[in-house]
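Examination of the molecular architecture
Each chain, letter by letter, is given below.
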Number of protein chains: 2
Amino acid sequence: MLIRCAAALLLLSAVAPALSAPRKPAPTPSEIVAAAPPTDWARIAPADLLVMELAPDAKGRARRVVIQLVPPPFSTAWTANIRKLVAAKWFDGIAVVRVQDNYVVQWGDADGDDKAKAKPLPPGLASTAEADYTAPATAAPDFVLPGRDPYARGTGAEKGWPVAFAKDRMWPVHCYGMVGVGRNVSPDAGTGAELYTVIGHAPRALDRNIALVGRVVEGIEHLSSLPRGTGNLGFYESAAERTAIRSVRIGNEVAGLPAFEAMVPTSASFAAYAKAKANRKDAFFIAPAGGVDVCALGVPLRRAK
Amino acid sequence: MLIRCAAALLLLSAVAPALSAPRKPAPTPSEIVAAAPPTDWARIAPADLLVMELAPDAKGRARRVVIQLVPPPFSTAWTANIRKLVAAKWFDGIAVVRVQDNYVVQWGDADGDDKAKAKPLPPGLASTAEADYTAPATAAPDFVLPGRDPYARGTGAEKGWPVAFAKDRMWPVHCYGMVGVGRNVSPDAGTGAELYTVIGHAPRALDRNIALVGRVVEGIEHLSSLPRGTGNLGFYESAAERTAIRSVRIGNEVAGLPAFEAMVPTSASFAAYAKAKANRKDAFFIAPAGGVDVCALGVPLRRAK
């Protein structure tokens, strides 16, 4: 009896500080992500990854950017083209040609607009169409984000990707790190040979106006910290300023590539993460917003443990 | 008569292509900004500017960042402190200590958390309070942005700054390039000696939870393109990685400083700009969003012509 009483006292003592504190801090979104069980994560197939090796930096350090291609039903003609371009090693030797602050980093053939000098594209690329910037949707996405969005009827996550939706269409959204297809003016929809990634505030006006084909899973800092171009729209004014792309390979062709995974938006962890993002009550915060936008929410990605 | 007829034909000829085209492209937001008359711009007082000179880059090029302090009624205790810190040349010799991708660049005293080594603050700094993260508001802001916002009752622009508002409070918002005050956990509200600027998607959850004191008017690329820190929260792990701040001066003490101006949110140009931003119908766009968020809108800034 004595021992049991002592144990009860210890328990009370351990609990008391939390009870008497003015507020017990809620877990941060990062803590919820870190505590998510393995079942709340989905492995990203290496066959859906592009491994882009930039030329080393000034100190000789490797710069690798890993990009996940968006799954069907999104942008399927463009992702098929990109797989063909990678298989043909077409991206090897092109370069980052544009870095516009708070907007995009773009890579492609610097001579692409000059028919006499442009690097020939491999045969068999599919034609692409504006109608496919969005996909048909017969149901709400896997996760519907509560709250208001300035750009769409609703937002959330589908197949592990941030999306927006209307009554019968759904589309990926231009969040930081998303990868899209450069194009000329409408109705040109781009081939997939000219790509960009977002390095600033989400340019959501581009949603439904351009094909989104992927997202940077690791190594975005090798693009986002590049010197900004001083030409119009952030294009580099001289070839010397460009960063060469050594190679782009599909993930399952790259020996030793780490495994990556995305949080499952239908999981309990994701629901808790989304709630915490919209209502920060952890120790640093005093005024929860009561909402969060789809790009500040995103979908947590990580190297598999 | 012959001459007048010929002139009429020329005019028709010039107009005809636009009339026969399927759609006459609307002006881009940039074109609206470029065409705004001088009366739709307000000069920024040099006395409200901070000129921060970073150490030159690896090629010896100067790196100047120009920051405008937010006007009353916003964050007045902090901006008063920052003026005192600048007058005491306190920022001279500190450094950029943190660069976290898609979040913030932060500068301050690297030894600030070590009482024995911290750089002494000048006397007379005001105490700051969480209640002043927002300001009382008895009316709507100068410009109210139509549409929905995930984080606040409404958004718009007040005194030339992007803001959000509730029934009786108003506050600046964490857009790309906004400058805020680093602090410890609540109820610490920071002095103004530790500052950061946003270099990613707007972290609007920080609104009403931290003091915003300014915005970068020119030179953000010298901060946003810095190498990312590899330590926790993007802090640099060694002193060698930091970028030194040579000096910070008030604008009217800097010889030859260009004049800067902000578009007036009550002007016709700003209304046209906001409408165009929310409904892109220029040549590149096919699907106008019908809305825009306060940070994608912003307030146009430029060097005075």
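This is a predicted model, so every value here is computed, not measured. (Residues numbered from 1 in each chain as written. Chains lettered and ligands numbered in written order. Predicted model: local features only at pLDDT ≥ 70, side-chain atom pairs only at ≥ 80, totals over all residues. Heavy atoms only, no water.)

All names here are of chain A. A residue-level look at chain A finds 92% of positions with pLDDT of 70 or above and a mean pLDDT of 92. Note on residues 1-21: pLDDT under 50 across the span, and zero contacts to partners over four residues away in sequence or across chains. Overall fold confidence (pTM) sits at 0.92, and the ipTM for the predicted complex is 0.91. (pLDDT = per-residue confidence, 0-100. Contact = heavy atoms within 4.5 Å.)

This brings us to the pattern of salt bridges. A complete count under the given rule lists 24 salt bridges over all chains for this structure. The partner of Glu-261 of chain B in a salt bridge is Arg-302 of chain B, and the shortest N-O contact between them spans 2.8 Å. With a gap of 41 residues between them, Glu-261 of chain B in strand 15 (residues 260-263) and Arg-302 of chain B in strand 16 (residues 301-303) connect regions that are remote in the sequence. Comparing Glu-261 of chain B with Arg-302 of chain B shows no difference in burial state: the two are buried. When salt bridges that share partners are traced, they join Arg-43, Glu-261 and Arg-302 of chain A into one network. (Salt bridge = Lys/Arg side-chain N within 4 Å of Asp/Glu carboxyl O. Helix = DSSP H or I, 4+ residues; strand = E, 2+ residues; numbered from the N terminus. Buried < 20%, exposed > 50% of the residue type's maximum accessible area, 1.4 Å probe, protein only.)

Residue-level contacts link 45 residues of chain A with 45 residues of chain B. Contact between chain A and chain B buries roughly 3700 Å² in total, counting both sides, with carbon and sulfur atoms accounting for 57%. At the boundary of chain A and chain B, one finds 23 residue pairs in polar contact (both at pLDDT 80 or more). When residues of the side of chain A that touches chain B are traced back to their parent elements, those giving at least two are helix 4 (221-224) and helix 6 (294-297) of chain A. (Buried area = accessible area lost by both parts, 1.4 Å probe. Polar contact = N/O pair within 3.5 Å; in protein donor to acceptor, adjacent residues only side chain to side chain.)

What follows covers the state of the cysteines. Covalently bonding the sulfur atom of one cysteine to the sulfur atom of another cysteine gives a disulfide. Residue and element names in this part refer to chain A. In this structure the tally under the stated criterion is two disulfides over all chains. Residue Cys-175 pairs covalently with Cys-295 via a disulfide, S to S 2.1 Å. The S-S bond linking Cys-175 to Cys-295 shows a torsion near -80 degrees; that makes this disulfide left-handed. With a gap of 120 residues between them, Cys-175 in the loop between strand 10 (169-172) and strand 11 (178-181) and Cys-295 in helix 6 connect regions that are remote in the sequence. Residue Cys-175 shares its accessibility class with Cys-295, and that shared class is buried. (Disulfide = S-S within 2.5 Å.)

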